[in-house]
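Each chain is listed here by its residues.
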Amino acid sequence: MNIYINKRLNDWAAWVMRTNDGGIGYPGRSGYCDLVHFGHDNASGPVVTDAAAMEIEYIVCAIKQESPERFAVVQWFYLRGNHTIERTCAELHCSKQTAYNRLHALHNFIQDALFDISIKTVAN
């Protein structure tokens, strides 16, 4: 397990959960928002985004489009709550070793994607 990538994914998952449940402190709906159009009909959330979480969000969105199997690993290890490895394996339809291998492959993929983002930033 890549401890750095695991922390980044845990931080991202916490950010996603706060954003999805309105826990950041912004109301999902208010009278003022009914009067002003912000570009999205149901947009609520933070005014300022967390850059580190957005980097992971960008990568996870790409994973979701390119590899539903890899995205399932993201969901069951990071977004679905605190489940036992047995439950995670049952949902992923694999053995414990295969689940950990998939998690390791996910960490490597995300690390490579973060390197690619860094290279593009430096090149520009």
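For clarity, every value in this text was computed on a predicted model and none was experimentally measured.

Calculation criteria
- Residues numbered from 1 in each chain as written.
- Predicted model: local features only at pLDDT ≥ 70, side-chain atom pairs only at ≥ 80, totals over all residues.
- Heavy atoms only, no water.
- Helix = DSSP H or I, 4+ residues; strand = E, 2+ residues; numbered from the N terminus.
- Axes fitted to C-alpha atoms, helices over the stretch in contact; angles between N-to-C directions.
- Parallel < 35°, antiparallel > 145°, perpendicular 65-115°, else oblique.
- Contact = heavy atoms within 4.5 Å.
- Nonpolar A, V, L, I, M, F, W, Y, C, P; charged D, E, K, R; others polar.
- Salt bridge = Lys/Arg side-chain N within 4 Å of Asp/Glu carboxyl O.
- Buried < 20%, exposed > 50% of the residue type's maximum accessible area, 1.4 Å probe, protein only.
- Phe/Tyr/Trp six-rings, centres within 6.5 Å; stacked < 30°, edge-to-face > 60°.
- Lys NZ or Arg CZ within 6 Å of the ring centre and 35° of its normal.
- Core = buried A, V, L, I, M, F, W, Y, C linked by side-chain atoms within 4.5 Å.
- Expected span 1.5 Å × (residues − 1).
- Disulfide = S-S within 2.5 Å.

Engineer: Please provide a residue-by-residue account of unusual backbone geometry, values included.
Structural biologist: Look at His 93: it is not a glycine, yet its phi comes out positive at around 55 degrees. With respect to the element layout, His 93 can be found in the loop between α5 (85-92) and α6 (96-123).

Engineer: Tell me about the packing of helix α4 (residues 68-79) against α6, and name the residues and values.
Structural biologist: Where α4 contacts α6, the two axes come as close as 10 Å, and the packing angle between them is 105 degrees. With respect to their mutual orientation, α4 and α6 come out roughly perpendicular. Contacts from Arg 70, Val 73, Val 74, Phe 77 and Tyr 78 of α4 reach α6 at Ala 99, Tyr 100, Arg 102, Leu 103, Leu 106, His 107 and Phe 109. Of the residues assigned to the contact of α4 with α6, the class counts are nine nonpolar, one polar and two charged.

Engineer: How would you sum up the pattern of salt bridges? Please name residues and give values.
Structural biologist: Across all of its chains, the model carries four salt bridges by this definition. Between Glu 55 and Arg 8 there is a salt bridge whose closest N-O contact spans 2.7 Å. Residue Glu 55 is found in helix α3 (residues 51-66), and its partner Arg 8 is found in helix α1 (residues 3-21); the two are separated by 47 residues along the sequence. The exposure class assigned to Arg 8 is buried, which follows from its relative accessible area of 12%. The shortest N-O distance in the salt bridge between Glu 91 and Arg 87 comes to 3.1 Å. Of this pair, Glu 91 and Arg 87 are both found in helix α5, four residues apart, which corresponds to roughly one turn of the helix. Of the residues examined, Arg 87 reaches a relative accessible area of 36% and is grouped as partly exposed.

Engineer: Let's hear about the packing of aromatic side chains: which residues, and what values?
Structural biologist: Inspection of every chain in the model, using the stated rule, returns zero aromatic pairs. One cation-aromatic arrangement involves Arg 70 over Phe 109; the distance from NZ or CZ to the ring centre is 4.4 Å.

Engineer: Quick one: what's the story with the nonpolar core, residue by residue and with numbers?
Structural biologist: In terms of nonpolar packing, the biggest core is built from 29 residues, with Leu 9, Trp 12, Ile 56, Ile 59, Leu 92, Leu 106 and Ile 110 touching the most fellow members. Elements with a minimum of two residues in this core: α1, α3, α4, α5 and α6. Filtering out sequence-adjacent residues up to four positions away, Leu 106 remains in contact with Leu 9, Ile 63, Arg 70, Val 73, Val 74 and Tyr 78.

Engineer: Go over α6, please, and point to the residues and values.
Structural biologist: With 28 residues, α6 should cover 40 Å at 1.5 Å per step; its first-to-last C-alpha distance of 41 Å lies within 8% of that length. Taken together, the buried positions of α6 are occupied by Ala 99, Leu 103, Leu 106, His 107, Ile 110, Ala 113, Leu 114 and Ile 117.

Engineer: Give me the lowdown on the state of the cysteines, citing residues and values where you can.
Structural biologist: All chains considered together, the criterion is met by zero disulfides. There is no disulfide at Cys 89, and the cysteine sulfur nearest it, in Cys 94, is 5.0 Å away.

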